[in-house]
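# A structural walkthrough
The lines below spell out each chain.
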Amino acid sequence: MAKSQIIRDIAQDNITIENALQRLLVISYTLDNLKLQEWIESELNGYSSISIMPDYRKQVTYMIRYSGYNGNTLVKRQPLPESYFDRELQEILKSRVIKDGVNIIEDTVKNEKEVIFNLVDFAGIISKNTGGMIQCLSLEQVISKTSFLHILSNVKTKLIQILLDLEKEFGSLDNLDIDVSGKSNEELNEVNDKITNKLYFNGKSEVL
């Protein structure tokens, strides 16, 4: 069983993911693991367009929703088949990623906020591809709550795995510090490699 309070707190949801990441940033500082620090800071502050983004932030589920006219019938907030978009636009919709920091994601989930991307500029394409049958007054890509829960679950799991590894190598983490003086450079490199390999699914990442 884990000895460190931080691991128990994360597993039992006693602290937020944001708070857990901040504590890991402090604990792991002496490891000089730049990839780990980049991952922590990106999860805290959000990913920039040039950051390495893990797969779990790219696997976004969503629906297309519109209000307007279907023939002569006025409809509101109804799902719209993605096939009504041109293929190029479909690929853009599928490539949506979530860059926000975990504090925003946690707030989104807690308060059940809708995350929406406005697509009304493409209303003319929908009209054209449906022969004028569908006229969109509003057109939105609505990101599923499941996508945000998926991100938080992945970050939580990685946090626990990394902290368990650190506890195994360095003992209790309750002082938010680890003593690396008893490890050789080769041993520290092995610890860092093991941690880094946990950061991305299948060891893969992509530069966006």
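Residues numbered from 1 in each chain as written. Predicted model: local features only at pLDDT ≥ 70, side-chain atom pairs only at ≥ 80, totals over all residues. Heavy atoms only, no water.

### Overview of helix 7 (residues 145-170)
Compared with an ideal rise of 1.5 Å per residue, which puts 26 residues at 38 Å, helix 7 spans 37 Å between its outermost C-alpha atoms and is within 8% of the ideal. Capping of helix 7 at its N-terminal end is provided by Ser144; its side-chain oxygen lies 3.1 Å from the backbone amide nitrogen of Thr146. Directly after helix 7, the chain includes Gly171, whose backbone phi takes a positive value near 90°. (Helix = DSSP H or I, 4+ residues; strand = E, 2+ residues; numbered from the N terminus. Expected span 1.5 Å × (residues − 1). Polar contact = N/O pair within 3.5 Å; in protein donor to acceptor, adjacent residues only side chain to side chain.)

### Observations concerning the pairing of strand 5 (residues 134-143)
Across the 10 residues of strand 5, seven count as buried, placing the element largely inside the fold. Two strands pair when backbone bridges link them, and strand 2 (residues 62-70) and strand 5 are joined in this way by nine bridges, in the antiparallel orientation. Bridge pairing in strand 5 places Ile64 opposite Gln141. Direction of pairing for strand 4 (residues 115-118) relative to strand 5: antiparallel, over a ladder of four bridges. (Buried < 20%, exposed > 50% of the residue type's maximum accessible area, 1.4 Å probe, protein only. Pairing = 2+ DSSP bridges.)

### Notes on the nonpolar core
Nonpolar side chains tend toward joint burial in soluble globular proteins. One finds Leu21, Leu24, Trp39, Leu159 and Leu166 to be the most contacted residues of the largest nonpolar core, which totals 41 residues. Setting aside residues up to four positions removed in sequence, Leu159 forms contacts with Ile10, Ile17, Ala20, Leu21, Leu24 and Trp39. In this structure, Val75, Leu89, Leu93 and Ala123 belong to the second largest nonpolar core, which totals 13 residues. (Core = buried A, V, L, I, M, F, W, Y, C linked by side-chain atoms within 4.5 Å. Contact = heavy atoms within 4.5 Å.)

### Some thoughts on the packing of helix 3 (residues 34-45) against helix 7
Helix 7 packs onto helix 3 with a crossing angle of 145° between their chain directions and a minimal axis gap of 13 Å. Where helix 3 crosses over helix 7, the handedness of that crossing is left-handed. Seen from helix 3, the contacting residues are Leu36, Trp39 and Glu43; seen from helix 7, they are Val155, Lys158, Leu159 and Ile162. For the contact of helix 3 with helix 7, the residue count by class is five nonpolar, no polar and two charged. (Axes fitted to C-alpha atoms, helices over the stretch in contact; angles between N-to-C directions. Left-handed = near helix turned anticlockwise from the far one by under 90°. Nonpolar A, V, L, I, M, F, W, Y, C, P; charged D, E, K, R; others polar.)

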